Amino acid sequence: MSKNLKKAITICSIVLIIIIAIISTFFIVRHFKNKEKIDNIMEIYSDENIQERIDTDFTDMDDLMQQIDGEYVIGVIEIKKIGFRGLVYKGTSLDTLSKGVGHFESSPYLNGNVCLAAHNTSQYWAKLHTLEIGDKITYTSFLGTKEYKVIESSQIQETDWSKLSNTTENLLTLITCVKGKPALRLCVQALEVD
């Protein structure tokens, strides 16, 4: 092997290592910033702080919510089985869903059928389809924390909004796309644990 070829391979290897280090650093920093945001919201929305926030003067519910990156944060959802813990933002616009889990504004914040959506990507709910009956989900909102157990997982038409109807039972409804099937959505419903 010639000296020039060895030198070129060495330079390419060094450049590749530097690129990998930069990309890795970016993802590590982003991970820890996101974790810090989630931990901060969990502290503010903790059960110990709920009454204090509610007792303050507010004109509407938005006054009780924190804002991050210009978006209202409703809370945090944690699904241990799939290793997901993420912020829940108000609304389901594409811009909102690019930041995290979105809350359907027609659904309640805590009592009734709380409806959430997220992208079917490795960053969010790519593993949502692996949930089974009985798996636990924790949802902490600015109004309190509830524990749920999965009771149903099904595929529905993208135009089927019936699962988003409010209920007298405390449900958590999670919606995401089905890979390779644009006309379908995965719908997971969980019932509050007494």
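Fair warning: this is a prediction, and the values are worked out from it, not measured in the lab.

Rules behind the numbers
Residues numbered from 1 in each chain as written. Predicted model: local features only at pLDDT ≥ 70, side-chain atom pairs only at ≥ 80, totals over all residues. Heavy atoms only, no water. Helix = DSSP H or I, 4+ residues; strand = E, 2+ residues; numbered from the N terminus. Contact = heavy atoms within 4.5 Å. Areas by Shrake-Rupley, 256 points an atom, 1.4 Å probe, with all protein chains shown as cover. Buried < 20%, exposed > 50% of the residue type's maximum accessible area, 1.4 Å probe, protein only. Pairing = 2+ DSSP bridges. pLDDT = per-residue confidence, 0-100. Salt bridge = Lys/Arg side-chain N within 4 Å of Asp/Glu carboxyl O. Core = buried A, V, L, I, M, F, W, Y, C linked by side-chain atoms within 4.5 Å. Phe/Tyr/Trp six-rings, centres within 6.5 Å; stacked < 30°, edge-to-face > 60°. Lys NZ or Arg CZ within 6 Å of the ring centre and 35° of its normal.

J.: Kindly report on the overall build of the chain, identifying the contributing residues and their values.
T.: Along its length, the chain carries three helices and nine strands. From first element to last, N terminus to C terminus, the chain shows the α and β order α-α-β-β-β-α-β-β-β-β-β-β. Here the contacts in the chain between residues at least 6 apart in sequence split such that 57% fall between residues at least 24 apart. Of the roughly 11400 Å² of accessible surface on the chain, a fraction of 56% belongs to carbon and sulfur atoms.

J.: Let's hear about the pairing of strand E5 (residues 113–117): which residues, and what values?
T.: Most of E5 is tucked away: five of the five residues are buried. Residue alternation in E5 divides its side chains into two sets, Asn 113, Cys 115 and Ala 117 and Val 114 and Leu 116, and both sets are buried. In this structure, strand E4 (residues 101–103) lies alongside E5, joined through two bridges in antiparallel fashion. In the strand pairing of E5, Gly 102 is matched with Ala 117.

J.: Would you mind going over the confidence of the model for the chain in detail, with residue names and values included?
T.: Low-pLDDT stretches of the model should not have their predicted coordinates read in fine detail. In the predicted model, the chain carries a mean pLDDT of 86, and the fraction of residues at 70 or more is 87%. No element of the chain has a lower mean pLDDT than helix H2 (residues 47–55), at 67, and none a higher one than E5, at 96.

J.: Explain the pattern of salt bridges residue by residue, including any values.
T.: On inspection of all chains with the given rule, the structure shows eight salt bridges. A salt bridge links Asp 135 to Lys 81, with the shortest nitrogen-to-oxygen separation between them at 3.1 Å. Of this pair, Asp 135 sits in the loop between E5 and strand E6 (136–141) while Lys 81 sits in the loop between strand E2 (71–79) and strand E3 (84–90), and the two are 54 residues apart along the sequence. The shortest N-O distance in the salt bridge between Lys 146 and Glu 192 comes to 3.3 Å.

J.: Describe the nonpolar core, with residues and values.
T.: Counting residues in hydrophobic clusters, the biggest one holds 38 residues, and the most contacted among them are Ile 77, Leu 116, Trp 125, Ile 137, Leu 172 and Leu 174. Contributions of two or more residues to this core are made by helix H1 (3–44), E2, E3, E5, E6, strand E7 (144–157), strand E8 (171–178) and strand E9 (181–192). A per-element tally of this core places E2 first, with five residues. If sequence neighbours within four positions are ignored, Leu 116 has contacts with Ile 77, Val 88, Val 101, Gly 102, His 103, Phe 104, Trp 125, Tyr 139, Leu 172, Thr 173, Leu 174 and Ile 175.

J.: Account for the packing of aromatic side chains, naming residues and giving values.
T.: Each aromatic ring pair is described using two quantities: the centre-to-centre distance and the angle formed by the ring planes. Taken as a whole and judged by the stated rule, the model has four aromatic pairs. With centroids separated by 5.1 Å and ring planes inclined at 65 degrees, the aromatic side chains of Tyr 109 and Phe 142 adopt a geometry described as edge-to-face. Taken together, the residues Tyr 109 in the loop between E4 and E5 and Phe 142 in the loop between E6 and E7 connect sequence positions 33 residues apart. Three or more aromatic residues link up through ring pairs in this structure, and these residues are Tyr 45, Tyr 109 and Phe 142. Sitting over the face of the ring of Tyr 72, Lys 90 holds its NZ or CZ atom 5.4 Å from the ring centroid.

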